[in-house]
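Architecture and fold: a report
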Amino acid sequence: MNASARRGLLAALAVGLAAWPWVAPPYFVFLASLIFVNVVVALGLNLLSGYTNQLSFGHAGFLAIGAYTAALVAIHAPRVPVAVTLLAAGVVTALVGLAFGVPCLRLSGLYLTMATLAFAFVIVEVILSLDALTHGADGLRVPAVGLGAFATFGDTGRYYLTAVTATLMVAAAVNLVRTRTGRAFLAIRESEIAAQASGVPVAAYKTIAFGLSAFYTGVAGGLFAFVVGFLSPDAFDVLLSVDFVVMIILGGLGSVPGSVVGAVIVTVLNDSLAAFQNYRPLIFGVILIACMRFMPGGIAAATRRMSMRLVASLVIALLLLSGATAAAEQGVTDTEIVIGCSNSFSGPLAYTGEQATRYGVDLYLKVVNDAGGVNGRKVRSVYYDDGYKPQEAVANTRKLLEQDRIFAVIAPQGTPPVMATLEYLEENKVPLLFPFQGSPVIRGKKYVFSGMTLYDRQSKMMIDYLVGPRKFKTFGVLYQDDDYGKAFLTAYEKDLGRHNLKIAAAEPVKRGVTDVSAQIAKLRAAAPQVTFLVLTPGPGAQALKERQKIGWTDTVMVSSGPLTDEKYLGLAGDAAEGVEGLSLWPDPLTSDLPGVKGYRAAMQKYFDKNEPNRYSLSGYFAAMLFVEGAKRAGRTLTRETLIGALENIRNFDSGILPPLSIGPDHETQKQGFWVRVEQGRFKPLTDWLRSD
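Moving on to the overall build of the chain. From N to C terminus, the chain includes 26 helices and 15 strands. Referenced to the eigenvectors of the C-alpha coordinate spread, the extents of the chain come out at roughly 85 × 65 × 50 Å. Every one of the 692 residues in the chain was classed for burial, and the buried ones make up 58%. Counting every atom, the chain has about 26900 Å² of accessible surface; 60% of that belongs to carbon and sulfur. Where the 61 positive side-chain charges of the chain centre and where its 53 negative ones centre are 6 Å apart.

Dropping the structure here:
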C-alpha cells in the first residue's frame, strides 16, 4: 500500500472512530470502549512478551493495580483531572512492575510463566485483604469520571477518553520499537547471548520492558475502572490473563498492528460468548493451538498487508452488526415481550442459575406461551452468564438493555452481582423483578421487587425461633466475606440484640475459598450451641465435612441462603445429616399444593429429564408473578403500568406459597418454615413462620 492510500485509509478510520458514538447503539459504544482498553493491555503485554520474549500470565494483576489506583484517586480526590488519574495508575503499576521484574531476571520459560501467574493470584489476595481500602469481595463502585470538577463523562465521553488514550499509546509503541530501545528489545528476543555479546545490557532492558508493560497495563486498568464503573477481585482472575495472551498470539507477537487486531477479535469474541462462558476456555484453547500450528506468527505475519485494512474491516463489520441490532425488537411489540437476566451458568452457583432460569422461568413461559401468551403476546427470554462476577453482571446487563432491548430483568442471582447492577437499572428505570438474593438494600426501591424473603426477615424468623421455642443462647457464624454474608451477619447481630444476646464467634470466608478448617477450629473453640452457615455451596459442604472430621457434634448447624436446599447440602454427603435451616419453598418432589403439582406436571411435559428442585420452582414462581402483573397491566404494557399492576396485587393465590400481597415495599415473600435434613431430605419442623 502506497503512502497516499495509507493516509486515506487512516483518515477514513479516524472519521469512523470519531463518528462511532453518534451512529452506533449505546451498547456498542460501551463495547468499543472495552476494545480500546484491551488494545492498550495487548500493546503492553506485547512489549514484554513479543519484543523481549518474557511470557507473562500475570497481567490481570497489573490491570487490577491500575484499576484500583484510578478508582481510589477518583473516590478520594475527585477534582484531579482524568489524565492525571490515568498517569498515576500507570506510574504506580509501573513501579510494581519494576519491583517484580528485577527478581524475575533470573527466570525464563516455564519458571517465569509460573512466577507471573503467582503474581496475579497474590494481587487478588491483597485486594481481598485490604478490605478497608478496596471493599474486598464486596466490590468497589467507581464514581463517574470527568474533566476535574467541570464535567462528568457519560458513555460518549468515556468512549472518546479510551479512544484518544489508546491512539496515543499505539503511536508511542510504534515510535518506541523504532528507537534504540526497541531495537535492543528485538535483539534480546532473537538471542540474549548474541545481544549480550553485542553490548546490549540485557538485564537493564528486560527490566525496562517489565516497567513499560506494567505502565501500559496500569493505564488500561484506569480506563477499565471508568468504563465498567464497578471493581471486584473476581474480575481479575487467571482467565483474564489468558485472554491477553490469546490477543497477542492471535494478532502476532512483536507486532503493534497485531496487538490491535488481536484485542478487537478477542473482545468481540468474548462478547459473543456471553451466554456460553463455560466454553470460553475450550474455544480460546483451540484458538491458541490453531495459531501455533497454522499461524505461528499470528495474523500479522500470515497477512503482511493486513494491518490497517483488517482493522478497518472489523470496524465496518461492527457498524453493520450494530445497525442490524438497532432495528431489532424493543422489549414489547405487538406479538412479543422480551425479558432476561445475567446469571451464573458457570462458577460456584452454576446449578442454581441454570435451574432458576432455563428450568424455572422458561418452564412457566412455555406453559403460558403454549396457552396463547400474555394478552396475545408471547414472552421470550435472553440470558448471559456472569459466573457470579459483579463486573460481568454489569457488562451483561448493559448488553441486555442496550443491545437486546429487553423489557425487564427477571430472576438474576447473587447479592454481589445484583448489587453491582442496581444503580444502572434504577437510572434507566428498568424493572428488576424477583432477584434470587435477599439483601435489604432493595427494599422499597421503585423499580425492584424482591424474589425471596429478605435476609433481615429471614434472620428475625430464625433467631426468634431458635431463642424462643428452642431456648438456645450462644451462636456462632461462618459467613462469606461479601455483601451476602455481611448482610446476614448484621441482621443476626441486630436480632440477637433484641434478646440481649451477642454472637459468640464470627469467622469470615473469602469468596471462592474451599478450605475452611481454620475457621471451623476457631468456632469450635467458642463452643456455640448454634452455628450459622452463610456460604455458597462449595465452602458450605467443606465446613460440614470438616465439622464431621473433627467430631464437633455439640452444635446445631443452621444453613441459610442458597445452602437451604437438599441438592447443595447433599454435596457434603452424610455430613449434612441433621443440618437445620429456614426453607422458603415447599418440597418440589412431595408437596400436594396445587401450584407445586402443576409445576411438576409442566416439568414432566417440557423437561422430563430434569428433577424438580427448589431453585427451578423459585424461577417458575418468578415468571408466574411477572405474567400475573403483565396480564393485569393490560394490552398497553409499559414498565410503569407493570410496576403499578404488581404493587396492587392482593391475596394472590399461586398454589405454591401462602396468598401474597405486594405493597409499596415491593416484598413478595415474608415467610419461611423450619426444616431439618433427615436421610437426605428436608423434614418440616414447623408450619409457615412470619416476620411481620
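The structure having been displayed, the exposition proceeds.
To continue, consider the pairing of strand S3 (residues 336-343). Of all the eight residues making up S3, eight are buried; the element is thus mostly covered by neighbouring parts of the structure. Judged by which residues are buried, S3 turns out to be covered on both faces: Glu 336, Val 338, Gly 340 and Ser 342 on one side and Ile 337, Ile 339, Cys 341 and Asn 343 on the other are all buried. Pairing between S3 and strand S4 (residues 378-385): eight bridges, direction parallel. Within S4, the position partnered with Val 338 by the bridge is Arg 380. Viewed along the sheet, the connection from S3 through helix H16 (residues 350-370) into S4 turns out right-handed. Where S3 lies against strand S5 (residues 408-410), two bridges are found, and the strand directions are parallel. By the bridge assignment for S5, Ile 339 is matched with Ala 408.

Looking at the secondary structure, you find Thr 162 in helix H7 (residues 155-176). Judged by its relative accessible area of 1%, Thr 162 falls in the buried class. Apart from the residues within four sequence positions on either side, Thr 162 is in contact with Ser 33, Phe 36, Val 37, Leu 223 and Val 227.

The full count for this structure, using the stated rule, is 24 salt bridges. As a salt-bridge pair, Lys 445 and Glu 426 come within 3.7 Å of each other at their nearest N and O atoms. In this pair, Lys 445 sits in the loop between strand S6 (432-433) and strand S7 (448-449) while Glu 426 sits in helix H18 (residues 415-427), placing the two residues 19 residues apart along the sequence. Judged by its relative accessible area of 24%, Lys 445 falls in the partly exposed class. Classification of Glu 426 by relative accessible area gives partly exposed; the value is 26%. For Arg 632, the salt bridge is made with Glu 628, and the minimal N-O distance between the two is 2.8 Å. Of the two residues, Arg 632 and Glu 628 are both situated in helix H25 (residues 614-633); the distance of four residues between them amounts to about one turn of the helix.

Below, the discussion takes up unusual backbone geometry. Phi at Asn 375 takes a positive value of approximately 50°, unusual for a residue other than glycine. Within the element layout of this structure, Asn 375 appears in the loop between H16 and S4. Even without a glycine there, the phi angle at His 666 is positive, about 65°. Considering the arrangement of structural elements, one finds His 666 in the loop between helix H26 (639-647) and strand S13 (671-678).

Rules and cut-offs
Residues numbered from 1 in each chain as written. Predicted model: local features only at pLDDT ≥ 70, side-chain atom pairs only at ≥ 80, totals over all residues. Heavy atoms only, no water. Helix = DSSP H or I, 4+ residues; strand = E, 2+ residues; numbered from the N terminus. Buried < 20%, exposed > 50% of the residue type's maximum accessible area, 1.4 Å probe, protein only. Areas by Shrake-Rupley, 256 points an atom, 1.4 Å probe, with all protein chains shown as cover. Lys, Arg positive; Asp, Glu negative; His and termini not counted. Charge placed at Lys NZ, Arg CZ, Asp CG, Glu CD. Pairing = 2+ DSSP bridges. Right-handed = clockwise from strand over helix to strand, strands pointing away. Contact = heavy atoms within 4.5 Å. Salt bridge = Lys/Arg side-chain N within 4 Å of Asp/Glu carboxyl O.

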